[in-house]
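Spelled out from the first residue to the last, the chains are:
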Amino acid sequence: MKIRRRIFLAVGIWVQARLLQAQRDGPNEVNDFCAISGASVAIANEKAYLFGGFSFWEGFPDNYTGPNNFLRIIDFSKPFRSGDDVSKYVVNEALPSIVPRGTFSELWPTEKNTLDLFHGFHEPSPIEIARNDSAATVIYPLTAKHRYSISGKEWTSTNVKSADLEMAKLGKENDGALQKFATRMSAWIPGINRGYALGGELYWDSPKKSWKDIRHVGDHHGLLVYDLATDSWKNETMPIKSIRMGVLVHLKTEDDDILITFGGMTDEAIGSTRRLRGMREFSIYSTKRSKWYSYVSPEGSAIPDPRSDMCWAVVSAQDNSSHQIIMYGGRSTNDLEIDGSVWVLSIPSFDWVRLPGNSTDSSREPGKRVNPTCVLVGNKYMLSWGGRRYLKNGGNLQCDKYGNAVFLLDINKGDWVDQYEVGQHYLVPEAVVKVIGGSGKGGAKKLVPDGGFGDLELEKLMKFKIEESPDISTLSPTVQSSKPRTGIIIGAVVGGIAIVAALGASFFIFRRRKHQLQANTPPPAVVELHNETAKIHEAHDASTVNILAASPVFGELQGDVPTAHVQQQVRVHVDPER
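I will try to describe carefully the structure that is included in this document. Treat the numbers as computed from the prediction; the structure is a model and nothing was measured.

This part is about a nonpolar patch on the surface. A cluster of nonpolar side chains, Leu447, Val448 and Ile466, forms an exposed patch at the surface whose accessible area comes to about 220 Å². Along the chain, isoleucine 466 turns up in the loop between α5 (456–461) and α6 (486–518). The class for isoleucine 466 is partly exposed, based on a relative accessible area of 45%.

Structure, rendered in structure tokens:
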């Protein structure tokens with residue numbers, strides 16, 4: 001009995017020693033992976049690039065987090081199963097020391113084969129500070145720009161040419177800290193080559209302070225605008241005093257590029273009572289006019305609970321008549337209860353619709369998560385990466401072992417799926433179609449909210465250029481029917497009958513001509529024969545053209561032919577009596 005106790009005691013001491021050593025040396029970022037939150041994502045060349053976030057590790061204390069030291073890349077030009085081990089379809093590129101590890105950074109595809117990285121919460125761990133690791137101790141200025149070459153797989157560090165930022169005027173703290181900025185609400189607009197970062201928080205970035213130390217200063221009260229052409233930042237006004245952890249999306253309207261923001265927290269980050277913004281409240285920004293508009297949807301319709309710390313993706317109907325903002329996860333109500341529901345905000349009607357959010361495989365359902373990262377991929381899928389998953393509010397963190405934190409929402413169905421397929425097309429979910437009208441391909445009937453916008457300038461701003469919806473059957477072989485084209489077969493049969501009739505008539509005339517020649521008919525009969533033959537050939541040509549017009553293929557090229565008219569044409573031109 002004593003021997004057994006000694007063995008258990010020795011094993012316990014060994015395990016504790018190894019754990020202490022692991023905590024001193026740092027985790028194995030693959031084998032010890034538990035969760036990651038607040039990553040940034042950019043799409044370029046059919047690949048998703050996932051950067052940053054703060055990580056939790058298995059076998060480490062609950063209050064230990066560290067930076068994400070990898071740039072993760074997922075290729076969406078080929079199919080994969082999200083349930084497979086991520087090592088099969090996620091590439092991990094180690095970050096060099098010149099790249100600051102950050103949460104809620106702006107990662108934008110500013111140029112071809114180029115990603116630019118700005119701002120974010122610098123996330124050094126106590127271990128890195130103790131090691132004097134340059135990734136933790138080097139503090140970059142607000143004007144810093146870190147550029148990633150996709151083709152060269154290389155990072156470079158530089159500064160923007162100019163920055164008119166209100167917070168940049170503040171001096172350094174005694175320990176060398178700089179006041180920095182971070183927000184979850186940012187968007188890149190490729191058509192005008194400008195990036196926008198809204199609201200967020202200010203904090204002190206210090207070579208001596210880790211994430212554990214009190215670093216927050218307060219809220220950032222502005223809209224930061226980056227202009228690629230001038231390589232510069234400027235600070236503009238924002239629609240409300242404070243906003244953080246909400247949604248910011250870009251949509252292109254008929255004559256403008258707009259930003260829409262909703263959700264999030266509107267209280268001051270320090271020293272105030274928490275308040276989540278209601279999901280009927282929207283702020284809309286015209287990039288052309290640099291002007292904000294407000295809209296509040298009417299009472300009565302179903303809406304989500306107030307929400308923050310969620311993720312989102314944007315997808316448009318094929319004809320551009322409606323646009324769906326897909327929202328998942330986050331914290332709801334002022335008690336910050338963890339949420340796992342999936343909602344759609346349809347624009348321009350501003351209707352909320354809840355999607356099923358089911359899964360045929362429970363392992364592919366992400367559950368309730370805080371600060372996952374989402375983006376549209378493959379036209380009809382929303383990728384969800386990371387986020388902290390809890391079984392209940394504020395506790396029981398569930399680990400995504402070995403970094404298996406990739407989930408796929410089939411937006412068409414509103415369900416979480418395992419398989420990613422290429423060459424798919426977006427169809428507006430049926431639940432949304434029931435509200436806005438039209439069909440899966442588009443044709444939305446509801447183009448303004450119930451009761452209108454109440455602002456003529458805003459109503460004009462929210463008009464979208466509606467395009468002709470393409471025929472999906474010509475785009476994807478998966479939706480084409482393998483059944484024969486009945487109209488083509490009927491057209492061919494009827495055309496054959498017409499040709500046989502014409503040949504029969506020609507043969508009859510030929511026999512009559514032969515008989516006339518044998519009877520020494522005068523020459524004028526020959527002229528009459530030629531005239532009659534010409535008439536019959538004209539009738540044959542007309543029957544052929546009209547039968548082609550009746551076929552589905554010819555109809556698609558020349559325009560639809562009414563069925564009754566087609567039947568009449570066929571009866572007239574193939575009548576054997578003629």
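What follows deals with the packing of aromatic side chains. In total, this model carries 30 aromatic pairs according to the counting rule given. When the centroid spacing of 6.3 Å and the interplanar angle of 65 degrees are considered together, the rings of phenylalanine 104 and phenylalanine 121 count as edge-to-face. Placement of phenylalanine 104 in the loop between β9 (102–103) and β10 (106–111) and of phenylalanine 121 in strand β12 (residues 121–122) is noted, with a sequence separation of 17 residues between them. Owing to a relative accessible area of 6%, phenylalanine 104 belongs among the buried residues under this scheme. Ring centres of phenylalanine 282 and tyrosine 295 lie 6.3 Å apart, and the angle between their planes is 25 degrees; this geometry places the pair in the stacked category. One end of the pair, phenylalanine 282, is in strand β25 (residues 281–286); the other, tyrosine 295, is in strand β26 (residues 291–296), and 13 residues separate them in sequence. Each member of the aromatic cluster is reached from another via a ring pair, and the members are Phe262, Phe282, Tyr295, Trp343, Phe350, Trp352 and Phe453.

On inspection of all chains with the given rule, the structure shows 22 salt bridges. Of the charged contacts in the structure, one is a salt bridge between aspartate 309 and arginine 331, with a shortest N-O distance of 3.8 Å. Placement of aspartate 309 in the loop between β27 (307–308) and β28 (311–316) and of arginine 331 in strand β30 (residues 331–332) is noted, with a sequence separation of 22 residues between them. Using a relative accessible area of 5% as the deciding quantity, one classes aspartate 309 as buried. Here aspartate 400 and arginine 369 are joined by a salt bridge, their closest N and O atoms 2.9 Å apart. Linking aspartate 400 in the loop between β38 (395–398) and β39 (406–410) with arginine 369 in strand β34 (residues 369–370), this pair joins segments that are 31 residues apart in sequence. A single network of salt bridges, built from pairs that share partners, joins Arg81, Asp84 and Asp418.

The rules behind the values
- Residue numbers run consecutively from 1 along every chain, following the written order of its sequence.
- Totals for whole chains, interfaces and linings use every residue, but because this is a predicted model, local features are given only for residues with pLDDT of at least 70 and side-chain atom pairs only at 80 or more, for both listing and counting.
- Heavy atoms from the whole structure form the basis of all side-chain values; hydrogens and water molecules are not counted.
- Two joining distances apply to patches: 9 Å for like charges and 5 Å for nonpolar side chains (Val, Leu, Ile, Met, Phe, Trp, Tyr), and every residue must have over 30% relative accessible area and no salt bridge.
- Where accessible areas are quoted, they stem from the Shrake-Rupley method and a 1.4 Å probe; at the residue level, only the protein chains shown are allowed to cover.
- Put simply, a salt bridge is a Lys or Arg side-chain nitrogen that is within 4 Å of an Asp or Glu carboxyl oxygen.
- Think of it this way: any DSSP run of H or I at least four residues long counts as a helix, any run of E at least two long counts as a strand, and we number them from the N terminus.
- Under the scheme applied here, a residue whose accessible area is under 20% of the maximum for its type counts as buried, over 50% as exposed, and between as partly exposed, the area being computed with a 1.4 Å probe on protein chains only.
- Aromatic contacts are taken between Phe, Tyr and Trp rings whose centres are within 6.5 Å, Trp giving its six-membered ring; a plane angle under 30 degrees counts as stacked, one over 60 as edge-to-face, and the others as tilted.

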